[in-house]
Amino acid sequence: MRWVGLRQLSSLSKPLRRIESAKQLARRMASLPDTYDGPVRIAVIGGTGLRELPGFTQVASLSPSTPWGTPSSPITILHHQCKHNDKVVAVAFLSRHGLHHQLAPHEVPARANIAALRSIGVRSIIAFSAVGSLQEAIKPRDFVIPDQIIDRTKGVRPWTFFEGGVVAHVPFGDPFDEGIANVVRACGHSLEGDGVVLHDQGTLVCIEGPQFSTRAESKVYRSWGGSVINMSALPEAKLAREAEIAYQMICMSTDYDCWHESTAGVTVEMVMGHMKANAENARRFVTTVLDALAGDEHSELVQAKHLAGSIKFGVSTPQPHWNPEARKKLSWLFPSYF
Ligand SMILES: CSC[C@H]1O[C@H](OP(=O)(O)O)[C@H](O)[C@@H]1O
Ligand SMILES: Nc1ncnc2[nH]cnc12
């Protein structure tokens, strides 16, 4: 067991914390029940530097398999005791790059992740991401709630559930969920002045990676109006939309990419340093969002009632002409529709 003082890692004056190894984390998860019966509507997808959500009670660890393979990590079910009412809410947590950060951005099984979350009842996702900043005003450790995405992935990641004989097209003009975004923004603002700096909007450029951008690319993205840059928003956001899940990403800036005169280039050390230093703020931010989403006034939003049934209008292939294999997969994902 390794003991690390957060003070050594950051300016935050926090007591000593126990940092668990990935192996210990995996062992602890394996000791939890592998089924969960209650409703789970909200999920958090943790990215770089956020492989679990500390401070929540872990009650189960699920390992569902889907027609698109197995998810990046076991899905941990957490019980969250809400601050403003007596409710205990179940939240699913998935680690995007795996428990040992063994999956590169292009290897993340995004279809399995989204399908598995939907299959356990999840209808809204708060996705966390470490991003580079493309704007001077977005400083390292600032949070950004993006409202747009520019796709710079290279078509090597499977990005749809509808293929192999069943075609569907879904609207993606607004790639994030405005309802969830508004709740997240209000929560972020409520923490401002207490270590959290929030930017309400932004255009997120999603590159293929795993290499960071060239300086020329970084400057082009700035000229396109890019605010922040990562390697993870897509196809996650597209698949969530197809699965009728309300999806919003919370970005935390960890560097100025390579366009800024002050940076020779981005390094993983730089990214991890800022992530660790701001981990407590990230945790407080997510906790506040979960508290807010648990409120009765957000019940319909969290269940994504505004998206329910929408996929049926996107399907172009008449059902009698569906390929049987594709139908099998889609009936797994949407058992009550197809
Ligand atoms: C380690 S730097 C690049 C890495 O960080 C971001 O990860 P995530 O979005 O999962 O937090 C970025 O997208 C890259 O995958
Ligand atoms: N500069 C950057 N480019 C892409 N993804 C990132 N994640 C964190 N910083 C990044």
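Residues numbered from 1 in each chain as written. Chains lettered and ligands numbered in written order. Predicted model: local features only at pLDDT ≥ 70, side-chain atom pairs only at ≥ 80, totals over all residues. Heavy atoms only, no water.

S.K.: Looking at this structure, I do not really get the overall build of the protein. What am I missing?
M.R.: Each helix and strand in the protein was counted, giving 10 helices and 13 strands. Whereas a compact globule of 338 residues would reach a radius of gyration of roughly 20 Å, the protein reaches 20 Å, a difference of no more than 12%. Taking the principal axes of its C-alpha atoms as reference, the protein extends roughly 60 × 50 × 40 Å. By the burial criterion, 55% of the 338 residues in the protein qualify as buried. Taking the intrachain contacts of the protein between residues at least 6 apart in sequence as the baseline, contacts between residues at least 24 apart amount to 79%. Carbon together with sulfur atoms contributes 53% to the accessible area of the protein, which is approximately 14,900 Å² in total. Taking the average place of the 35 positive charges on the side chains of the protein and the average place of its 32 negative ones, the gap between the two points comes to 5 Å. (Helix = DSSP H or I, 4+ residues; strand = E, 2+ residues; numbered from the N terminus. Rg over C-alpha atoms; globule rule 2.2 N^0.38 Å. Buried < 20%, exposed > 50% of the residue type's maximum accessible area, 1.4 Å probe, protein only. Contact = heavy atoms within 4.5 Å. Areas by Shrake-Rupley, 256 points an atom, 1.4 Å probe, with all protein chains shown as cover. Lys, Arg positive; Asp, Glu negative; His and termini not counted. Charge placed at Lys NZ, Arg CZ, Asp CG, Glu CD.)

S.K.: When you look at the site of ligand 1 in this model, what are you seeing that I'm missing?
M.R.: Taken together, Gly47, Thr48, Arg96, His97, Pro105, Ser129, Ala130, Phe212, Asn230, Met231, Ser232 and Val271 make up all the residues around ligand 1. Ser232 has a polar side-chain atom sitting 2.7 Å from an oxygen atom of ligand 1. Expressed as a share of its isolated accessible area of 390 Å², the protein-covered part of ligand 1 is 92%. Applying the majority rule of atoms within 2 Å of the grid points places ligand 1 in the second largest pocket. Among the residues making up the shell around ligand 1, the classes are represented as 5 nonpolar, 6 polar and 1 charged. (Near = heavy atom within 4 Å. Polar contact = N/O pair within 3.5 Å; in protein donor to acceptor, adjacent residues only side chain to side chain. 1 Å grid on protein atoms, 1.4 Å probe; cavity = no way out; pocket = protein on both sides within 12 Å on 5 of 7 lines; lining within 4 Å. Sits in = over half its atoms within 2 Å of the grid points. Nonpolar A, V, L, I, M, F, W, Y, C, P; charged D, E, K, R; others polar.)

S.K.: Help me understand the site of ligand 2, please; the structure alone is not making it clear to me.
M.R.: Taken together, Ala130, Val131, Gly132, Phe212, Ile229, Asn230, Met231, Thr254, Asp255, Asp257, Val266 and Val271 make up the full set of residues adjacent to ligand 2. A distance of 3.2 Å separates a nitrogen atom of ligand 2 from a polar backbone atom of Gly132. Asp257 places a side-chain nitrogen or oxygen 2.7 Å from a nitrogen atom of ligand 2. In the complex, 95% of the free accessible area of ligand 2, which totals 260 Å², lies under the protein chains.

S.K.: Looking at this model, I keep getting lost on the UniProt feature "binding site: phosphate" (unreviewed entry) in the protein. Mind explaining?
M.R.: As annotated by UniProt and renumbered to match this structure, "binding site: phosphate" (unreviewed entry) occupies Thr48, Arg96, His97, Ser129, Ala130 and Ser232. The largest pairwise C-alpha distance within this set of annotated residues, which runs over 185 residues, is 12.3 Å, so the set is compact in three dimensions. When the annotated set is filtered for residues lining the largest cavity, what remains is Arg96 and Ser232. You can see Ala130 is positioned in strand 7 (residues 124-133). Note that Ser232 resides in the loop between strand 12 (228-230) and helix 6 (236-242). Ser232 has contacts with Arg96, His97, Cys206 and Met249, leaving out every residue within four places of it along the chain. (UniProt positions renumbered as here; feature names shortened; annotations may be inferred.)

S.K.: Explain the layout of surface pockets to me, please; I cannot follow it from the model alone.
M.R.: Over the atoms rolls a probe the size of a water molecule, and in doing so it shows where empty space is left. Reported here for the second largest pocket is a volume of approximately 440 Å³. Around the second largest pocket, the lining is made up of 26 residues, and of these Thr48, Ala130, Phe212, Met231 and Val271 lie nearest the centre. When contributions to the lining of the second largest pocket are tallied by element, the ones reaching two or more residues are strand 7, strand 12, strand 13 (246-255) and helix 7 (268-277). Ranked by residues supplied to the lining of the second largest pocket, first place goes to strand 7 with 4 residues. Classifying every residue of the lining of the second largest pocket gives 13 nonpolar, 10 polar and 3 charged. (Points joined across faces, edges and corners; volume = space filled by probe spheres on them.)

S.K.: Any chance you could explain the UniProt feature "domain: Nucleoside phosphorylase" (unreviewed entry) in the protein here in plain terms?
M.R.: In the numbering used here, UniProt assigns the feature "domain: Nucleoside phosphorylase" (unreviewed entry) to residues 41-290. Between the end C-alpha atoms of residues 41-290 the distance is 11 Å, and the span holds 24% helix and 25% strand.

S.K.: Explain the pattern of salt bridges here, please?
M.R.: When their charged atoms lie close together, side chains carrying opposite charge are able to pair. In total, this model carries 10 salt bridges according to the counting rule given. A salt bridge links Glu244 to Arg118; the nearest nitrogen and oxygen atoms lie 3.9 Å apart. Highlighted residues: Glu244 in the loop between helix 6 and strand 13 and Arg118 in helix 3 (residues 110-119), separated in sequence by 126 residues. In this structure Glu244 comes out as buried when scored by relative accessible area, which is 2%. Between Glu300 and Lys305 there is a salt bridge, with the nearest N and O atoms lying 3.9 Å from each other. (Salt bridge = Lys/Arg side-chain N within 4 Å of Asp/Glu carboxyl O.)

S.K.: Mind showing me how you'd approach the environment of Glu107 here?
M.R.: Of note, Glu107 is situated in the loop between strand 6 (88-95) and helix 3. For Glu107, a relative accessible area of 42% puts it in the partly exposed group.

S.K.: Help me understand unusual backbone geometry in this model?
M.R.: Both trends apply: most residues other than glycine have a negative phi, and most peptide bonds are in trans. The omega torsion across Gly209 and Pro210 is -5 degrees, close enough to zero to call that bond cis. Of note, Pro210 is situated in the loop between strand 11 (203-207) and helix 5 (215-223). Residue Pro235 follows Leu234 across a cis peptide bond; omega there is 5 degrees. Take Pro235: it is sitting in the loop between strand 12 and helix 6. Residue Glu244 is not a glycine yet carries a positive backbone phi of 60 degrees.

S.K.: Sorry, what's going on with empty space enclosed by the protein here?
M.R.: Going through the model one piece at a time under the given rule, you end up with 1 cavity of 30 Å³ or more. Considering the residues around the largest cavity, the lining is formed by Arg96, Pro105, Val108, Ala110, Arg157, Met231, Ser232, Leu234, Pro235 and Glu236. Looking at side-chain class alone, the lining of the largest cavity contains 6 nonpolar, 1 polar and 3 charged residues.

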